[in-house]
Amino acid sequence: MSAVCELCFHRCRLAEGQTGLCRARACREGRVVSLYYGRLTALALDPIEKKPLRRFRPGSLVLSAGSFGCNLRCPFCQNAPISLAPAPPPAREMSPEALVELALALRERGNVGLAYTYNEPLVGYEYVRDCAGLAREAGLANVLVTNGVIEPDPWRRLLERLDAVNIDLKGFTEDWYRTLGGELEVVKRSIALAAERCHLEVTTLVVPGENDSEEEMDALARWLASVDRDIPLHVTRFFPRHRMADKPPTPVETVYRLAQAARAHLSFVYTGNC
């Protein structure tokens, strides 16, 4: 038996027992199932600004949960031990009901909801969907931090349960996205759909020599403004990680210069990691 995963554009065709490119979905008895469901590798009460979200519930805390797997292959991944591990890392079992119960218990410490983050949460779509549904019923906010690599139908369905999203727009050329194993147009589509349905912020990590030209930032910001000029953009400094451990950090002045270029088109531009 075999099955095709229809969650993202990779559309992995999986033989029985085979795991997809994201390492979080597999074929079992002729259907695609999540290996991620109810298995958390990271759990923390974070400032919401760390997601980063600057214009959604500022000053609040959010219970942040992550698991394993990713459908991109970014050489600068900052969470590679859980996102890109060849085998599932040690995990804590937690049902959607238990996660929402914990989030409610943390309200007294300032928690406003749940954030699905750290790895690529969309590869665990079913778990995020179920947690978000229960959280909404309980009056909690749902926040998602994602690379935006998902097909439009499941994305629209999930957006009905989300209150805020931060999408990584990792650059603005198809060549760079191909290096990362993605497609620029897919992420642009996800951004446009999210902008219609919930609070949206966008993050671009500036990698020296890869996506750090003013021309590219101008094009990125101009396009984002065509969706909505009030979408906040976070221009973020790169630090050596994963397979780019030998590359120097982004000069601070480069981040400031590109942020200034983006401000020609966007109302809210923030710098990060500086």
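Note that the coordinates shown come from a computational prediction; the quantities given were computed from them, not determined experimentally.

J.: Just checking my understanding: could you explain the packing of helix 4 (residues 152-159) against helix 6 (residues 184-197) for this structure?
T.: Helix packing for two helices is described by the angle between their axes and how far apart those axes are. Contact geometry for helix 4 and helix 6: axes closest at 10 Å, N-to-C directions at 25 degrees. Relative to helix 6, the element helix 4 is oriented roughly parallel. Where helix 4 crosses over helix 6, the handedness of that crossing is right-handed. From helix 4, Pro-152, Trp-155, Arg-156 and Leu-159 reach across to helix 6, where they touch Arg-189, Ser-190, Leu-193, Ala-194 and Arg-197. Residues that form the contact of helix 4 with helix 6 fall into these classes: five nonpolar, one polar and three charged.

J.: Looking at this model, I keep getting lost on the layout of surface pockets. Mind explaining?
T.: Once rolled over the atoms, a probe with the size of a water molecule shows which space is left empty. Considered as a void within the structure, the largest pocket measures approximately 920 Å³ in volume. What lines the largest pocket is a set of 32 residues, and nearest its centre among them are Lys-51, Gln-78, Asn-79, Val-145 and Asp-168. Those elements that provide at least two residues to the lining of the largest pocket are strand 10 (141-146), strand 11 (164-168), strand 12 (199-206) and strand 13 (233-237). Ranked by residue count, the leading element in the lining of the largest pocket is strand 12, at three residues. Each pocket or cavity is described by its volume, and for the second largest pocket that value is around 230 Å³. Counting only elements with at least two residues in the lining of the second largest pocket, the list comes to helix 3 (125-137) and helix 4. The element best represented in the lining of the second largest pocket is helix 3, accounting for three residues. When grouped by side-chain class, the residues that make up the lining of the second largest pocket number six nonpolar, no polar and six charged.

J.: Just to check I follow, could you spell out the packing of helix 6 against helix 7 (residues 214-228) for this structure?
T.: For the pair helix 6 and helix 7, interaxial distance at closest approach is 10 Å and the crossing angle is 30 degrees. Considering their axes alone, helix 6 and helix 7 lie roughly parallel with respect to each other. Here the hand of the crossing between helix 6 and helix 7 comes out right-handed. Counted together, Lys-188, Ile-191, Ala-192 and Ala-195 of helix 6 and Trp-223, Leu-224 and Val-227 of helix 7 form the full contact between these two elements. Across the contact of helix 6 with helix 7, the residue classes tally to six nonpolar, no polar and one charged.

Here is what the cut-offs are and how they apply
Residues numbered from 1 in each chain as written. Predicted model: local features only at pLDDT ≥ 70, side-chain atom pairs only at ≥ 80, totals over all residues. Heavy atoms only, no water. Axes fitted to C-alpha atoms, helices over the stretch in contact; angles between N-to-C directions. Helix = DSSP H or I, 4+ residues; strand = E, 2+ residues; numbered from the N terminus. Parallel < 35°, antiparallel > 145°, perpendicular 65-115°, else oblique. Left-handed = near helix turned anticlockwise from the far one by under 90°. Contact = heavy atoms within 4.5 Å. Nonpolar A, V, L, I, M, F, W, Y, C, P; charged D, E, K, R; others polar. 1 Å grid on protein atoms, 1.4 Å probe; cavity = no way out; pocket = protein on both sides within 12 Å on 5 of 7 lines; lining within 4 Å. Points joined across faces, edges and corners; volume = space filled by probe spheres on them.

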